[in-house]
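# Report on the structure
The primary structure of each chain is shown beneath.
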Amino acid sequence: MKGLIKKDLLMMKGSIKLSMIFLLVFLVIALKEENTLIFIPAFLSTMLFMTTFSYDEYNNWNAYATSLPTGRKNLVRAKYMANLGMLVAVVVIFSILTSALGVISSNLNLEKLIFSSFGCIFALAIFQAVLYPFIFKFGIEKGRIGILVGVFGFTGLVSLLKDKLDIRLSKELLTILENNWLPLATITTIILLTISYLISMKIVNKKEF
């Protein structure tokens with residue numbers, strides 16, 4: 001599985017220079033605007049990682065990988081671990097650089113930085129959890145379309161139900177969520193990633209490449 005993870009990361013070497021340019025641009029913005037903007041480079045790195053699925057499909061890599069011992073299991077696991085590892089690395093690196101800039105410019109907000117860093121990891125990990133089963137089922141292009149339709153449909157449904165049912169959270173519940181957001185977000189993210197992984201494994205085990 002280490003070889004599969006390394007393969008995905010090596011395929012992104014062509015995108016490293018572009019990523020570094022974006023990184024420098026956002027660091028300058030963070031310095032001038034007193035804003036961390038961690039989400040943007042992390043999101044871009046996640047979207048760039050999606051190109052590995054396109055490379056795999058174009059070169060019929062999955063047909064070869066699934067012919068190896070435990071190939072299907074490692075194929076799915078490697079995608080999840082490589083993307084998550086890269087996401088955490090980007091957030092950590094950008095957080096460190098942003099902290100250094102904040103100290104230099106005397107505008108470091110450590111609480112905001114920590115919240116932004118963890119929030120970014122949780123949000124994009126959940127995005128990955130939702131997206132990957134679609135990609136493994138329908139392929140990268142149809143998977144992207146499916147997730148966009150799903151996101152807009154879900155957002156519209158939530159908005160409609162909120163207006164119709166007038167759902168409001170109590171102050172006590174909001175206080176509990178605010179005081180325990182980190183463990184709650186961690187547990188929720190782990191559960192969703194686990195469910196997503198199991199669904200993706202089921203899809204890949206039944207799929208003919």
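Here is a short report on the structure shown in this document. What you see is a predicted model, and the numbers here were worked out from it, not measured in a lab. (Residues numbered from 1 in each chain as written. Predicted model: local features only at pLDDT ≥ 70, side-chain atom pairs only at ≥ 80, totals over all residues. Heavy atoms only, no water.)

Helix and strand counts for the protein chain stand at 10 helices and zero strands. Reading the secondary structure of the protein chain in the N-to-C direction produces α-α-α-α-α-α-α-α-α-α. For the protein chain, with 209 residues in total, the buried portion stands at 33%. Long-range contacts, defined as pairs at least 24 residues apart, comprise 85% of the intrachain contacts of the protein chain with a sequence gap of at least 6. (Helix = DSSP H or I, 4+ residues; strand = E, 2+ residues; numbered from the N terminus. Buried < 20%, exposed > 50% of the residue type's maximum accessible area, 1.4 Å probe, protein only. Contact = heavy atoms within 4.5 Å.)

Under the criterion given, the structure shown has eight aromatic pairs. Summarising the aromatic geometry, the rings of F53 and Y132 are spaced 5.2 Å apart at their centres and angled 80° between planes, so their arrangement reads as edge-to-face. Taken together, the positions of F53 in helix α4 (residues 51-58) and Y132 in helix α7 (residues 110-138) put the pair 79 residues apart, joining distant regions of the chain. Taking the relative accessible area as the measure of exposure, F53 reaches 5% and is therefore buried. The class for Y132 is buried, based on a relative accessible area of 0%. Measuring from centroid to centroid gives 4.9 Å for Y80 and Y132, while their planes differ by 70°, and the two rings are edge-to-face. Residue Y80 is located in helix α6 (residues 71-105), and its partner Y132 is located in helix α7; the two are separated by 52 residues in the primary sequence. Each residue in the set F53, Y80, Y132, F136 and Y197 is aromatic and connected to the rest through ring pairs, giving one cluster. One Lys or Arg, K79, reaches over the ring of F53 and ends 4.5 Å from the middle of that ring. (Phe/Tyr/Trp six-rings, centres within 6.5 Å; stacked < 30°, edge-to-face > 60°. Lys NZ or Arg CZ within 6 Å of the ring centre and 35° of its normal.)

To continue, consider α4. Regarding α4, the residues found buried are T52, F53 and D56. Taken end-on, α4 shows its buried residues confined to a sector of 105°, consistent with a single buried face. (Arc of directions from axis to C-beta.)

Turning to the nonpolar core, a few remarks are in order. Across soluble globular proteins, nonpolar side chains show a tendency to be buried alongside one another. Within the largest apolar cluster, 24 residues are counted, with the highest numbers of intra-cluster contacts made by M50, F53, V76, Y80, Y132, I135 and F136. Elements represented by at least two residues in this core include exactly α1 (2-11), α6, α7 and α10 (181-206). If sequence neighbours within four positions are ignored, Y80 has contacts with Q128, Y132, P133, F136, L193, S196, Y197 and S200. Formed by nine residues, the second largest nonpolar core is a distinct cluster that contains I38, V91, F94 and I121. (Core = buried A, V, L, I, M, F, W, Y, C linked by side-chain atoms within 4.5 Å.)

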